[in-house]
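Here is how the chains run, residue by residue.
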Amino acid sequence: MQKKYKILFHIDLDAFFCAVQEIRYPFLKGKAFAIGREKSRGVIATASYAARKYGLKSAMPTHEAIRRCPKVILVSGGGDLYKEYSDKFKDYLAQYATVMNIASIDECYMDVTEYTMNIHPVELARKIQKDLWDKYRLSASIGIAPTVYLSKMASELKKPKGITILRIREIEKMLYPNPIDTIYGLGKKSSQPLKEAGILTIGDFLNKANVEKISKIIGFRYYEHLVQSLTGKTTNIIESEYKAEKESMSTSTTFPSDLVQFTEIANEFAKMAMEITEKLKSEKKLIKNVRITLRYPDFKTITRCRMLKIFTDDYEIINSCVQNLFEDNYNDEPIRLIGVGLSRFAHEEKKERISLFDLN
């Protein structure tokens with residue numbers, strides 16, 4: 001029987017970097033720890049659920065994480081394992097998808113419309129969850145919906161280890177009561193003034209009586225885009241944007257909803273820089289050229305690159321270069337896709353010490 005709607009999964013591994021470190025170091029299980037290094041200019045990549053109770057989160061400066069949780073354990077390294085378990089995750093899922101978008105090292109979108117002709121979507125989701133845990137000790141949250149954006153929203157509703165099916169007819173019941181800052185793509189810079197204006201929930205955001213008030217804060221164009229996304233009127237087509245070439249390595253992400261907030265895009269770039277740096281380390285290579293890609297809603301795409309002074313595989317250096325390129329080229333317009341690429345390879349023996357201050 002032909003399905004009326006597509007069935008899309010968004011599968012997000014719960015605290016992936018921490019989960020891999022717990023596999024590597026079993027004593028960390030249940031402890032407050034974060035992925036990062038104790039450096040004055042460093043940031044943490046992510047934090048365990050125990051550490052998140054103290055307010056620790058990704059992209060937080062390391063010194064602030066230590067201030068909030070003095071007993072936090074900082075863990076670094078493990079690049080080979082991150083890649084190994086990410087590859088296992090992707091390879092396992094490929095058997096169920098007609099189309100699969102590897103959104104990042106720890107999340108992906110899948111079109112399972114055809115596969116679920118013979119199995120209920122929730123049953124498939126439970127099987128995927130169970131297998132990922134039994135085979136690899138990876139915990140996952142899964143969102144099921146008819147559009148790409150709604151599948152992402154659904155996966156965030158019950159974390160960790162949640163399965164959420166979000167039907168169009170249930171949007172009002174399931175999404176409206178949630179806080180305004182749970183809207184994917186909105187960003188904290190916009191959600192705070194909206195709260196101050198009395199827009200506290202998704203229901204308030206979608207209330208037509210508030211259109212003028214909201215538009216003054218985030219602009220009508222972006223408001224309209226988010227309304228379309230939240231009401232299930234955006235794309236149900238999953239695009240694959242992941243690349244890994246021999247003469248360079250790169251990764252990119254197409255967002256279910258265009259991003260407009262500088263800090264949110266910067267955080268996505270930081271996560272992407274972490275992912276590709278770990279891949280670089282796992283292959284025992286160094287690079288000298290860093291590039292970023294920005295794609296706008298009209299599909300206009302720009303690529304900008306910068307040559308470093310020496311070969312490196314240091315995350316802080318690579319991420320600093322990525323952030324500088326982004327800051328120099330961002331023009332405050334919505335962004336549909338971002339990407340990071342590395343090239344000019346060398347072997348580890350060329351490695352030299354370099355300071356962040358040498359980059360300018």
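Residues numbered from 1 in each chain as written. Predicted model: local features only at pLDDT ≥ 70, side-chain atom pairs only at ≥ 80, totals over all residues. Heavy atoms only, no water.

**Q** Can you help me understand the packing of helix α10 (residues 211-218) against helix α11 (residues 220-230) in this one?
**A** When two helices pack together, their arrangement is given by the angle between the helix axes and the distance between those axes. Look at α10 against α11: their axes get within 7 Å of each other, and the N-to-C directions meet at 115°. Of α11, the residues touching α10 (which contributes V211, I214, S215 and I218) are F220, Y222, Y223 and L226. For the contact of α10 with α11, the class distribution of residues is seven nonpolar, one polar and no charged. (Axes fitted to C-alpha atoms, helices over the stretch in contact; angles between N-to-C directions. Helix = DSSP H or I, 4+ residues; strand = E, 2+ residues; numbered from the N terminus. Contact = heavy atoms within 4.5 Å. Nonpolar A, V, L, I, M, F, W, Y, C, P; charged D, E, K, R; others polar.)

**Q** How do you make sense of the environment of Y296 when you look at a structure like this?
**A** With respect to the helices and strands, the residue Y296 is situated in the loop between β10 (285-295) and β11 (301-312). We classify Y296 as buried; its relative accessible area is 3%. Sequence separation between Y296 and P334 is 38 residues, and the spatial gap between their C-alpha atoms is 6.3 Å. When near neighbours in sequence (up to four residues on either side) are disregarded, Y296 contacts I302, N329, N331, E333, P334, I335 and R336. At 3.5 Å, the side chain of Y296 forms a polar contact with the side chain of N331. (Buried < 20%, exposed > 50% of the residue type's maximum accessible area, 1.4 Å probe, protein only. Polar contact = N/O pair within 3.5 Å; in protein donor to acceptor, adjacent residues only side chain to side chain.)

**Q** Looking at this model, I keep getting lost on the packing of helix α4 (residues 79-93) against helix α5 (residues 121-136). Mind explaining?
**A** Relative orientation of the contacting elements α4 and α5 amounts to 145°, with a least axis distance of 11 Å. Note that α4 runs across α5; the crossing there is right-handed. Mapping the contact onto sequence places Y85, K88, F89, Y92 and L93 in α4 and K127, I128, D131, L132, K135 and Y136 in α5. When the residues that make up the contact of α4 with α5 are grouped by side-chain class, the tally is seven nonpolar, no polar and four charged. (Left-handed = near helix turned anticlockwise from the far one by under 90°.)

**Q** Can you help me understand the nonpolar core in this one?
**A** Among the nonpolar cores identified, the biggest contains 52 residues, and I183, F205, I218, L230, F269 and L294 are the most heavily contacted of them. In this view, F269 contacts I292, T293, L294, N319, V322, Q323, F326, I338, G339 and V340; residues no more than four positions away in its chain are not counted. In this structure, F33, I105, L132 and A273 belong to the second largest nonpolar core, which totals 42 residues. (Core = buried A, V, L, I, M, F, W, Y, C linked by side-chain atoms within 4.5 Å.)

**Q** Whenever I open this one, the packing of aromatic side chains confuses me. Can you help?
**A** Aromatic ring pairs are defined here through the distance separating the ring centres and the angle between the ring planes. A complete count under the given rule lists 13 aromatic pairs for this structure. Ring geometry for Y92 against Y96: centres 5.5 Å apart, planes inclined by 70°, an arrangement best described as edge-to-face. An angle of 15° between the planes, with centres 4.9 Å apart, marks the rings of F262 and F326 as stacked. Of this pair, F262 sits in helix α12 (residues 262-282) while F326 sits in helix α13 (residues 315-329), placing them 64 residues apart in sequence. Among the aromatic residues, those joined into a cluster by ring pairs are F262, F269, F326 and Y330. (Phe/Tyr/Trp six-rings, centres within 6.5 Å; stacked < 30°, edge-to-face > 60°.)

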